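# Architecture at a glance
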Amino acid sequence: MDKNLIRKWAWIITILIVSSFLFSLGVKLFVSSAKTFSSGLGAFPQFLTYITDLDQKYFSILYFLFNIPFLIVFFFLVRKKFIILTFVWLLFQLTWGQSMEIMPGIKDADPFHIGLYKTAQGGKETTIGLVTENWAIIIQPCVGAVITGTGTALAWKTGGSSGGADIITYYISTRKQKSPGVVATIVSLSIALTMIVIQTIMGNVPIGDDPTQMLFGPITWGTLGYIFISSAILSKIYPRYKKVEVVISSNKVEQIVRYFKYTGYVHGYNVSTMKSGYTGKEVKTIRTVMLFLELKPILKKLKEIDPNVWISTTVVSGIIGNFNHKSVE
């Protein structure tokens, strides 16, 4: 078997393991104990643990089970590799989630001490909140969003995802060619806010006695903070459809053009000759628009071709017309 292929898949599996660990750690330490909702489909198993006697230690199992129907349905609608890698990620998430329930220092961890705990009072078990400061309920899930958002983004970079709403996000973003981070924000907000409204109507308030604490209180703000931060991190680490205009000035333009043709560069480009105002010499320039994710390896190669190459990049806000996204599909 090709050694490069083995190394490639070993790297992908390693990233999936790290990604699922970060996601599980963020949910376990910072999200569940604050009684806020994570992004996407994860809100459903969280909702069940919040309104029933189900222990939160079953979150990873419930999350895995909730994903099975989505994997089956979307297996026929999106790339098979995406579904397979997502399934592998979910297996790792299930393993990490259950492992953390027995890990000393993690299984009962609550960094801001805002979780609800059962304590014996007068021979009876009573649920109490150790700390219920609003700032803690808001800040804790935001910290968790940094961890889980990084884990989710890493999963996307492998060609898979963290499951749940990510599957819906992938389907919509590939069809509409929109940023996964933007689509994820919309999908996650819709699901999480629906769960909050339902929980408010049911009168099931995890912290405090006022039902409005669910709809207008710190739990909602913590949930919103989690969603926006985690989605922003996804957009930053994995800007799937972000485009940049690249202007290349070089004395070896012919070699660069040959490189483009040899590698099957799929985007259009213009070659022009202009006079340098600084040196007074004629300089050939290539102007093209490419995907941001294509930029780094191409820049590296251009510098190998011409160590003195001059390159400028500008983010493109929009394009009218056809654009080839083959490299990220």
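What you are looking at is a predicted structure, and each value in this text was computed from that prediction instead of being measured.

The α-helix winds at 3.6 residues per turn, so residues separated by three or four positions along the chain end up facing the same way. Compared with the 22 Å implied by 1.5 Å per residue over 16 residues, the 23 Å span of helix 3 (residues 59–74) between its first and last C-alpha is a close match. At Asn67, helix 3 shows its maximal kink, close to 30 degrees; a proline, Pro69, follows between one and four residues later. Among the residues of helix 3, those classed as buried are Phe59, Ser60, Leu62, Tyr63, Phe64, Asn67, Leu71 and Phe74.

Time to look at the UniProt feature "transmembrane region" (unreviewed entry) in the protein chain. Annotation from UniProt places "transmembrane region" (unreviewed entry) at residues 9–31, 58–78, 182–202 and 214–234. Annotation note: span residues 9–31, helix share 100%, strand share 0%, distance between end C-alpha atoms 31 Å. Between the end C-alpha atoms of residues 58–78 there is a gap of 29 Å, over a span that is 76% helix and 0% strand.

Per-residue confidence for the protein chain averages 80 on the pLDDT scale, and 78% of its residues sit at or above 70. Confidence, read as mean pLDDT per element, is least for strand 1 (residues 116–121) in the protein chain (46) and greatest for helix 4 (residues 80–100) (93). Across residues 116–121, confidence stays below pLDDT 50; counting only partners more than four residues off in sequence or on other chains, it has 21 contacts. When the criterion is pLDDT under 50, residues 123–131 qualifies, and its contacts beyond four places in sequence or with other chains add up to 23 contacts.

What counts as what
Residues numbered from 1 in each chain as written. Predicted model: local features only at pLDDT ≥ 70, side-chain atom pairs only at ≥ 80, totals over all residues. Heavy atoms only, no water. Helix = DSSP H or I, 4+ residues; strand = E, 2+ residues; numbered from the N terminus. Expected span 1.5 Å × (residues − 1). Bend = angle between axes of the 7 residues up to and from the residue. Buried < 20%, exposed > 50% of the residue type's maximum accessible area, 1.4 Å probe, protein only. UniProt positions renumbered as here; feature names shortened; annotations may be inferred. pLDDT = per-residue confidence, 0-100. Contact = heavy atoms within 4.5 Å.

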